[in-house]
Amino acid sequence: MFEWKRLCVLLVVAVAAASLCTGCGQEAMPVDIVPVAEVTASPSPAVIPGESLQPQIEATTTDPSLQGTTNTDVSYGVAGDNVLPSFESYEAAKAINDEVIGWITIDGMVIDYPVVRTENNEYYLNRDVEKKKSNYGAIFMDYRNADPNMQKHIILYGHNMKNGTMFHDLMNYKQSDFFSDHKTIRLIWDGVETKWEVFLAYIVMPDTIYHIHTMFADDQNFANVMNETIQYAKTVKPANYDASVTIRPSDQVLTLSTCTYEYDGSYFAVMARRVK
């Protein structure tokens with residue numbers, strides 16, 4: 001397992017100008033924060049062998065040109081030769097990099113990017129889809145999702161860039177009106193067009209990792225954990241949820257994950273249920 005505090009990306013998801021992550025320099029959004037002491041215990045799957053923690057976007061950079069700095073110090077997406085690659089389609093991106101396994105689009109947002117996956121959750125933190133060093137990184141799927149036995153819960157990570165790119169727009173889901181009006185996520189996954197309906201958007205408290213589990217004892221355990229997650233999210237503000245949704249054992253869930261700054265070391269997760 002690697003340290004959760006090496007990346008700052010439900011469902012995951014991504015998700016990170018004056019710094020890599022917007023929250024480091026953006027004007028704080030007025031929110032009502034529930035003290036940590038009032039947050040209930042988080043749910044856990046019955047079986048989680050080999051589970052990895054979410055990579056931390058606020059990790060110290062390994063780029064030689066930025067030595068001695070952290071992602072919260074650097075003008076990401078502005079300094080140097082950093083340019084966010086642009087692709088016309090999933091096929092065009094995959095032709096350049098065979099680790100491209102998908103494409104994510106959310107209507108009403110700038111989130112319209114290829115998705116990559118490799119053998120770990122660190123490689124694409126500071127590399128773009130072309131595998132070039134980049135402060136943008138890439139939108140990437142949790143490496144564990146390559147295992148067919150760990151595909152009930154799909155997790156995507158991305159930086160929360162202050163210039164509005166990558167997973168920055170997920171912050172809009174903190175607003176109830178936006179949450180209600182933007183429920184559809186489209187994901188091309190291994191060439192298959194899938195559709196997901198957002199049912200939850202909430203802050204993940206520091207040192208809480210249950211929202212990125214990929215292994216479950218069985219389908220019922222998966223459903224229990226997802227539904228307990230919904231109940232847990234109601235104790236943390238800001239959070240928005242669809243009260244009509246109950247996750248079933250037959251369901252599949254997508255989480256988009258990125259950093260946020262209501263608490264030091266907290267994350268923001270947007271979770272969606274597959275409907276197509």
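Our subject is the structure that appears above.
Just so you know, the residues in each chain are numbered from 1, in the order the chain's sequence is written. Under the rules for a predicted model, residues below a pLDDT of 70 receive no local features and side-chain atom pairs below 80 are neither given nor counted, while totals for whole chains, interfaces and linings still include all residues. Only heavy atoms go into the side-chain values, all of them from the structure, while hydrogens and water stay out.

1. Quick notes on the overall build of the protein
The line we're drawing: In this text, helices come from DSSP runs of H or I with a minimum length of four residues, and strands from runs of E with a minimum of two, each type numbered from the N-terminal end. For the exposure calls, accessible area comes from a 1.4 Å probe over protein chains only, and a residue counts as buried if that area is under 20% of its type's maximum, exposed if over 50%, partly exposed in between. Working definition of accessibility: Shrake-Rupley area with a 1.4 Å probe, residue cover restricted to the visible protein chains.
Secondary structure summary: the protein contains three helices and nine strands in total. Listed N to C, the secondary structure of the protein is α-β-β-β-β-α-β-β-α-β-β-β in terms of helices and strands. Taken over 276 residues, the protein has a buried fraction of 57%. Carbon and sulfur atoms make up 47% of the accessible area of the protein, which totals about 11400 Å².

2. Some points on the pattern of salt bridges
The cut-off we apply is this: Take a side-chain nitrogen of Lys or Arg and a carboxyl oxygen of Asp or Glu: if they are within 4 Å of each other, that pair is a salt bridge.
By the definition in use, this model includes eight salt bridges. Among the salt bridges present, the one from D251 reaches R248, with a minimum N-O distance of 2.8 Å. Given the relative accessible area of 4%, D251 is considered buried. Connected via shared salt-bridge partners are R248, D251 and R273.

3. A short note on the environment of F179
Spelled out, the test is: Contacts are assigned to residue pairs that have any heavy atoms within 4.5 Å of one another.
Along the chain, F179 turns up in helix α2 (residues 176–181). Since its relative accessible area comes to 4%, F179 is described here as buried. Each C-alpha atom, one on F179 and one on Y241, is 8.2 Å from the other, the two residues being 62 residues apart in sequence. Setting aside chain neighbours within four positions, we find F179 in contact with Y173, V198, F199, L200, A201, N240, Y241 and D242.

4. Focus: the packing of aromatic side chains
Operational definition: Any Phe, Tyr or Trp ring, taking Trp's six-membered ring, that has another such ring centre within 6.5 Å forms a pair; planes under 30 degrees apart are called stacked, those over 60 apart edge-to-face, and the others tilted. Placement of a charge over a ring requires the Lys NZ or Arg CZ to be within 6 Å of the ring centre, with the centre-to-atom vector within 35 degrees of the ring normal.
For the structure shown, the criterion picks out five aromatic pairs. Between Y123 and Y124, the ring centres sit 4.9 Å apart and the planes meet at 85°, which makes this aromatic pair edge-to-face. Note on Y123: relative accessible area 26%, which makes it partly exposed. For Y124, a relative accessible area of 2% translates into the label buried. Ring geometry for Y173 versus F178: centroids 5.3 Å apart, planes at 85°, classification edge-to-face. Given a relative accessible area of 0%, Y173 falls into the buried group. The structure contains a cluster of three or more aromatic residues connected by ring pairs, namely Y173, F178 and F179. Here the basic side chain of K174 rests over the ring of F268, its NZ or CZ set 5.4 Å away from the ring centre.

5. Focus on the nonpolar core
Using the following cut-off: Joining through side-chain atoms within 4.5 Å is the link that ties buried Ala, Val, Leu, Ile, Met, Phe, Trp, Tyr and Cys residues into a set, and such a set is a nonpolar core.
Ranked by size, the top nonpolar core spans 52 residues in total, and within it I104, L156, L170, Y173, I185 and L256 carry the most contacts. Counting residues in each nonpolar core, the second largest holds 14 residues, with A93, V116, I155 and I212 among its members.

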